[in-house]
Amino acid sequence: MDGWRFIAQRALPETILDWEVPFALNANPKRDLSGPGSMTGTITPEYARMIGADGLPILQEWGTKLYLEIDGHIRWGGIVTKTSFDGPQYTIACEGFSTYPHGIPYEGYVISGKKIIPKDPYAGKDKNHDGWVDGKKGKQKVPPPPKPYGGPRLDTFEAFRHIWWHVQSRPYGNIGIKVDSHDLGELLGAKDGSDPWELAWWDNPDCGQTLDTLTSTTPFDWAETHSWAEDSGNTIEHHIRLGKPRLGRKRTDLRVADGENVAAIARPEGMGDDYANEAIALGKGEGKKMKRAQVHRYDGRLRRVATVTDKTLSSDKALRTRGEKELAGRTQALQIPAIQIWNHPNARFGSWSLGDDIRVQVEVPWVGDIDVWHRIVGDEISADGTCTLTLKRSDSFHY
C-alpha cells in the first residue's frame, strides 16, 4: 500500500483530523456511476489517537468525512455512516457524499409547467346566455374563453441543482458539494400545462429519492468526484459532474485484453428470466384511467414483456423514456459483468472516468473469444495492485 493513506476530516467544519488513519479495508473503495459508492474497513487494536482534539471520536457517524489518497490524488471520498465494535475491532462503513440527501425531506415548493388559466375578458358579459355580448346583440358575439397554457418550466439539471441547494442550505447541511452549472435541454412538465412537475413539502418528498427519480426518468448521468483544490493547502473540493446526455466517451486509447492486463474475469452472463424485448410502463391513475406507455425492440426472439410502475409519471414522453430505460438493460446479449485488471499501459489506473466505454477482448469458456465494447459503471481499486471494473455492454444503454 505504498503511496496510500486514509485521511479523516470533520464534516462540519472541514478540519483535517488525522492524515494517517490506521484503516484496514474490508471492502475496497467503490465508485458508482450515478450512485454514491461505498467503502468499509476496520481498525484494530484500539488506538488512543482515534479521539480528536475536540474530544469527539475521529470516526463519528455522520460527523466524519473519510478519503483515500493514492500517490497524492484523492481516489475516493465519503461520509462515515455506521460504526460498530467487536472487542478490540472497530468496524467503519462509509458511503459517498451523494448518499446524504436520502432521508432529508424537501421543505419548499417548486412547480414546473404549471397550468395557467388566463382571465376571460368576456366573463359575465352574456347574462342572458344568448351568445351575444350584452347590449351588442347582432353586432358582437361572445368569443370562446382563452385557452389554458403552461407556465415557466425548469430544466432537469436546474431541478437537480435546486434539490442539492435545498439540502445544503439548511443548518448543518452543507457538505460542500458543487454541482455542474450547465443545462440538459430537457424541460420538466408538459408545455401546455397538462402535466406539471411539482415538488411540494406537504407531500413529504424525500430529496434523495427525488434525485434518483430525475436520473431514472431522464437520460443523463452524474458522478461524484473529490480532489485537492489548486494552491489551497488542506482544502478538498467536492463536485458532482452532470452528463449531457451521458458521462464518459469511447476510449479507443484504452483496452482490456487477455494476456495483457486481465487478472480475473467474472462469469459472463446473459439475461435469463430478466430478458425482455418489450416493456410496459404504468404511471399515474387507477383502473382505466391509469397512464400507460408501451415500447419494444423486437430482435427475432420470442416476445417477452417487462412491466414497470412509476406513479410519479403521467406524460407519454416520460413513461416512454422510463420504458426505454427499462428495456435497454434487458435486451443485451452476453456481457462481462466485472473484470479485474492490473495497472498496465493499456489502461493505467486513474486514466478512465466512470461512464467511459472500453474495448474488452477476452476468451470465455463455451463461448470463445469475446470482443465487445463495455461501459464502466463502477470501479474498485485494491491494495494488491489490481482494480475491478463493473461493466455493462455499451449497446444496453438508451440515450
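Every value quoted in this text rests on a predicted model; they were computed, and no experiment measured them.

## Focus: helix α2 (residues 207–217)
And then number 1: Within α2, burial applies to Cys 207, Gly 208, Thr 210, Leu 211, Leu 214, Thr 215 and Thr 217.
And then number 2: With a side-chain oxygen lying 2.9 Å from the backbone nitrogen of Gly 208, the N-terminal cap of α2 falls on Asp 206.

## With respect to the nonpolar core
And then number 1: Counting residues in each nonpolar core, the largest one holds 43 residues, and the members touching the most others are Val 21, Leu 59, Leu 66, Ile 339, Ile 341, Trp 352 and Leu 389.
And then number 2: With five residues, the top contributor of residues to this core is strand β22 (residues 368–381).
And then number 3: In this view, Ile 339 contacts Val 256, Val 262, Ala 264, Ile 265, Val 360, Val 362, Cys 387, Thr 388, Leu 389 and Leu 391; residues no more than four positions away in its chain are not counted.
And then number 4: Counting residues in hydrophobic clusters, the runner-up holds 31 residues, among them Phe 97, Tyr 106, Ile 175 and Ile 236.

## Details of the sheet that holds strand β18 (residues 292–296)
And then number 1: Here three strands make up an open sheet; going across it, the order is β18-β17-β19 and the pairing mixed. With one partner strand each, in any of the chains shown, β18 and β19 (305–309) form the two edges of the open sheet. Pairwise comparison of adjacent strand axes, ignoring direction, gives a mean angle of 15° for this sheet.
And then number 2: The pairing of strand β17 (residues 278–282) with β19 spans five bridges and is parallel. Residue pairing in the sheet places Leu 282 in a bridge with Thr 309 of β19.

About the cut-offs
- Residues numbered from 1 in each chain as written.
- Predicted model: local features only at pLDDT ≥ 70, side-chain atom pairs only at ≥ 80, totals over all residues.
- Heavy atoms only, no water.
- Buried < 20%, exposed > 50% of the residue type's maximum accessible area, 1.4 Å probe, protein only.
- Helix = DSSP H or I, 4+ residues; strand = E, 2+ residues; numbered from the N terminus.
- Polar contact = N/O pair within 3.5 Å; in protein donor to acceptor, adjacent residues only side chain to side chain.
- Core = buried A, V, L, I, M, F, W, Y, C linked by side-chain atoms within 4.5 Å.
- Contact = heavy atoms within 4.5 Å.
- Pairing = 2+ DSSP bridges.
- Axes fitted to C-alpha atoms, helices over the stretch in contact; angles between N-to-C directions.

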